[in-house]
Structure formats: structure tokens, C-alpha cells
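# A structural walkthrough
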Amino acid sequence: MKVWVKVLIGLFLGVGFGLIAQQEIAPIAMVGKIFINLLKMLVGLVIFASIVTGVCQINDPKKLGRIGVRTLFFFVWSTVIAIGVGLGAAYLIHPGQGLSLSVPATTNLQGSNLELIDFCISLVPSNPFLAFAQGNVLQIITFSLLFAYGIMLAGERGKKIYEIIESLAAALHNLTYTVMKFAPYGVFALMASSVGAMGIKVIVPLLKFLLCNYIACLFQILVVFSLILRLFLKLSPVPFFKGMKEAIALAFSTSSSSATLPVALKCAREQLGVAEDISGFVLSLGSTVNMNGAAIGLATASIFTAEIYGIQLSFLQIGVITFTSLIAAIGAAGIPGAGIVMLSVVLSAVGLPLEGIALLAGVDRIRDMISTVTNILGDGVAAVYVAKKEKHLDEEIYNYGYSNGESLSAEIGGEHHECHSSAVAQETGRVR
Ligand code: ASP
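Residues numbered from 1 in each chain as written. Predicted model: local features only at pLDDT ≥ 70, side-chain atom pairs only at ≥ 80, totals over all residues. Heavy atoms only, no water.

Quick look at the overall build of the protein now. Each helix and strand in the protein was counted, giving 21 helices and zero strands. For the protein, the residues scored as buried account for 56% of the 432 residues in total. Within the protein, contacts between residues at least 6 apart in sequence are counted, and of these 85% link residues at least 24 apart. If you sum the accessible surface of the protein, you get close to 18300 Å²; carbon and sulfur atoms cover 66% of it. (Helix = DSSP H or I, 4+ residues; strand = E, 2+ residues; numbered from the N terminus. Buried < 20%, exposed > 50% of the residue type's maximum accessible area, 1.4 Å probe, protein only. Contact = heavy atoms within 4.5 Å. Areas by Shrake-Rupley, 256 points an atom, 1.4 Å probe, with all protein chains shown as cover.)

What follows is the structure, encoded as C-alpha cells:
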């Protein structure tokens, strides 16, 4: 049985169990807390390894230059639009209204009276080890960016440490996959404990949170991406969505942009007419750097958390949510659950209770499915955009398709896609 089916079963059984029990049952709550701890355990190192490897890859001289700048520029502005769409949907639907929880004593509400100057100073760690020990994600991000810069400056001599961090990233990705295998049980426990403790009233906000994400992601896909294709590139969006359909199905079922990468590459090359070098560069980089769906999830989750704890967000805090959601979406790995792992980055930067994660983790896999589809389609649009601007788009293939009799569907739907990150890495390495 596929993991996402098991997660759904876990979710429904958890809700049913919570309704019957009508209280939090300690051993079950323990399983949920262990699941959350496992996710939190990964955050600091995942951010560090993903940012260092991502930045060092971008700064390969061959990949920089016009195509690199154009691609990164596209990634950044499309992600900022996605965050705007997410915030818009959240302020329209108010997913967290109707639930009022008291702010946990451990919460550092510093963010609510955050001064811009203090905020800027607090971005820079005086001691990186302390930043890791305290889980101060913004400081970890700053340190990671500077460290990557140091590796680049060291040239040949920096290669060894880069390789070590690259294999650290691979190990952490695999560990995240392993942790996500535990997701059905974690989700069951989290739902059973939240529904048991809070009753049915917790269901409606969570459903509204999911609705918010599905509406925002579909808006980003159908309106924003279509407008980019139509207005900037003078292309019909229909062949784009048709050409990417195999990648869409795979992304939805695996919740992993990395696992979808080989199929997305095939779709872009064979069905959208994007040149090999451009599709290789843009899609490989995009699968870890460009995450429109994750950015939407982070923005909506932050508003949800603020609303359930009755915390009024200032203008500056919304700015911090936008900035950190962008950074967190860039730092998120293309694997299941990456978005929820990065949520602590945004919540702690704004000073919102991290306990919000426990509530959202129960439904995260359902959000992740549409999020991953949005992520890979965002990468696809970026590849078409760069190819068209560089005059490397075969519009005959884009408009009329290409059939060599091979069915991509044979590669779809297998659970092996979720676990074989080494195969994905090989494929990624090959196209690079
Ligand atoms: N799982 C997503 C991806 O692989 C990211 C997310 O969690 O939103 O693209």
C-alpha cells in the first residue's frame, strides 16, 4: 500500500479514535510527540546542508551567467507571488478562526514587538554552534549562506568540505524518507490526541487550512502560471498542462519533487520541447530551490497558527513571514514532509508557538500532495520561460506534442519513487 494511502487511513482512524476517546491518551500522545521531535531533529542540519550544497552548485562558473541569473530571478518572483496568493487565501478564509488556544508558556513572543534594527542584528549569529543548539533557524540560514561563500572562495581547497556536506545532505534526505515512513502512525497519534483533547471543533479549522491550500495552489497553477505562459511567452497553457500530466500524477502520489524529477525532465524535453541543457539545469535546481507550493503552505500555516492562538500579526511580522517563507521554501528539500519541517523556520522567526506544527502535522500529507504538484509545475513553467527567452524552445513539440510510442505512465505510481533518492541523484547528476 502506498504511503499516502496509509497516511489518509491513519488520519481518519485518528479522528475516529479521538472522537471516541474524548481525551488525550498518554501513550498515543507520546507517539505523536516523537514524530514531531523526529521532524524537528532534522531541521537545522537539513537547512545547513541544503543551502550550502544549493549555493555551491549555483556558483559553478558554468551554471552561472545569464541562464543562472534569469532562472533564479524567475524562481524568486514566482515564489513571492505564491506567498502573496497564500496570504490572500488565508486572510479570505481565516482557517484558524473558531479555535482559541492559549499561547504556550515556552513561546518566545519576541517577534510581536520586533524592531527592524534588532531583527537585522539577530540574523547574524555570534556563535554558529549556539544557533544550532538553540534551533535559531534564521541564524543557521545566515551562517549557511556565508559558509557556502567561504567554500566557493576556497576553490579547490574547499572541495573536500563541500563533498562532505553533499553526502551529509544525501544522508539527511534518506533519513527524512525514513522518518516519513513513520508518518501514518504519527498522523494517527496526532489526530487522535488533538481531536481527543479538543473535540470535533479542531476538525473544521484543519479542513479550512487544507481548503485554503488547495484554493491557493490551484490559483497559482491555473491563473498565475497560465498568465505567465500567455502574457510573457505568448504560449497557450493547455499544451503545458497536457505535457506535464505524467509528472503531475507522480508528484501528487509521491509528494516529492526530487522523486518526480526524472519524469518531469522527460515531460519537459519530449512533450514541451525544452532543450536538454536548459531543462536539466532549471528543473534540477528548481526541484530543491523553487517551491511555490511549499511557500503557499508556509504562509497559510503561519496565519493559521497566529489565528488559533489569537495573536495579532503586525505589518513587520507579515513581512518576516514573506521573507522567511521565501528562504524556507528555497531551503526545503524536495521530499515528503519538507514543508512542515521548514515551518519551524517561519514560526520561530515571527515568534509564533511551534506547537502549531503538531496540529498541522496531522493533515500535512494532504497539503503536501497539491503543494508538490504546484512545485513541479512552477519548475516546468520556469524551464519553458528560460528556454523561450533563450530561443531554445521547440514550439512544434510544445504545441503539437511528440509521441515515440513510449508510455511514461509505466514509470508512474510505484512506491519505489518515494524511496530511491539515490536513483534520483544519479539521474540528476547525469543531466547536470
Ligand atoms: N514535499 C514537497 C516537495 O517535495 C515540499 C512540501 O513539503 O511542500 O516539493
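Now, onward.
Moving on: helix α9 (residues 203–232). For α9, with 30 residues, the first-to-last C-alpha span of 41 Å sits near the 44 Å given by 1.5 Å per residue. The largest bend along α9 reaches roughly 30° and is located at Q220. Downstream of α9 by a residue or two, K234 has a phi angle that is positive, lying close to 55°. (Expected span 1.5 Å × (residues − 1). Bend = angle between axes of the 7 residues up to and from the residue.)

It is worth spelling out the site of the ligand at this point. Around the ligand sit 15 residues, and of these S257, G339, D368, S371 and N375 come closest. Contact distances for the ligand include 3.1 Å between an oxygen atom and a side-chain N or O atom of R367. In the environment of the ligand, an oxygen atom lies 2.7 Å from a nitrogen or oxygen atom belonging to the side chain of N375. The protein chains hide 100% of the 270 Å² of surface that the ligand would expose on its own. Taken together, the elements giving at least two residues each to the shell around the ligand come down to α16 (338–350) and α18 (364–389). The biggest single contributor to the shell around the ligand is α18, with five residues. (Near = heavy atom within 4 Å. Polar contact = N/O pair within 3.5 Å; in protein donor to acceptor, adjacent residues only side chain to side chain.)

Going through the model one piece at a time under the given rule, you end up with 12 aromatic pairs. Ring centres 5.8 Å apart and planes at 85° place the aromatic pair F48 and F132 in the edge-to-face group. Residue F48 is found in helix α2 (residues 26–58), and its partner F132 is found in helix α5 (residues 128–134); the two are separated by 84 residues along the sequence. Take F132: its relative accessible area is 25%, and that puts it in the partly exposed class. The rings of F48, F132, F143 and F147 are connected pair by pair, giving a single aromatic cluster. (Phe/Tyr/Trp six-rings, centres within 6.5 Å; stacked < 30°, edge-to-face > 60°.)

Another point: the state of the cysteines. Working definition of a disulfide: a covalent bond connecting the sulfur atoms of two cysteines. Following the criterion strictly, the structure yields zero disulfides and no others. There is no disulfide at C212, and the cysteine sulfur nearest it, in C217, is 9.9 Å away. Under the relative-accessibility criterion, C212 is labelled buried at 0%. (Disulfide = S-S within 2.5 Å.)

Attention shifts here to unusual backbone geometry. Its identity is not glycine, yet H94 carries a phi of approximately 45°, on the positive side. Here H94 lies in the loop between α3 (66–93) and α4 (116–122). Since its relative accessible area comes to 24%, H94 is described here as partly exposed. Non-glycine residue K234 carries a positive phi angle of around 55°. By the element assignment, K234 lies in the loop between α9 and α10 (237–243).

Taking 1.5 Å per residue as the helical rise, helix α14 (residues 292–308) with its 17 residues ought to reach 24 Å, and the 24 Å between its terminal C-alpha atoms agrees with that figure. Counting buried residues in α14 gives 17 out of 17 residues, a clear majority hidden from the surface. G310, located one to two residues past α14, shows a positive phi value of around 60°.

Here we come to the confidence of the model for the protein. Predicted confidence across the protein gives a mean pLDDT of 81, with 86% of residues reaching 70 or more. Contacts of residues 403–432 to residues separated by more than four positions or lying in other chains number 47 contacts, the stretch itself having pLDDT below 50. (pLDDT = per-residue confidence, 0-100.)

Attention now goes to the nonpolar core. In a soluble, globular protein the nonpolar side chains are often hidden away together inside. By size, the foremost hydrophobic cluster in this structure holds 134 residues, and its most contacted members are F240, V274, L377 and V384. When near neighbours in sequence (up to four residues on either side) are disregarded, V384 contacts L229, L233, L235, F240, L272, V274, L393 and Y398. (Core = buried A, V, L, I, M, F, W, Y, C linked by side-chain atoms within 4.5 Å.)

In the structure shown here, the tally under the stated rule is five salt bridges. For the salt bridge of D368 with R367, the shortest nitrogen-to-oxygen distance reads 4.0 Å. This pair shows no difference in class: D368 is buried, exactly as R367 is. Its salt-bridge partner being K388, residue E395 comes within 2.8 Å of it at the nearest N-O pair. Residue E395 is classed as partly exposed on the basis of its relative accessible area, which comes to 31%. The partly exposed category is assigned to K388, whose relative accessible area is 25%. (Salt bridge = Lys/Arg side-chain N within 4 Å of Asp/Glu carboxyl O.)

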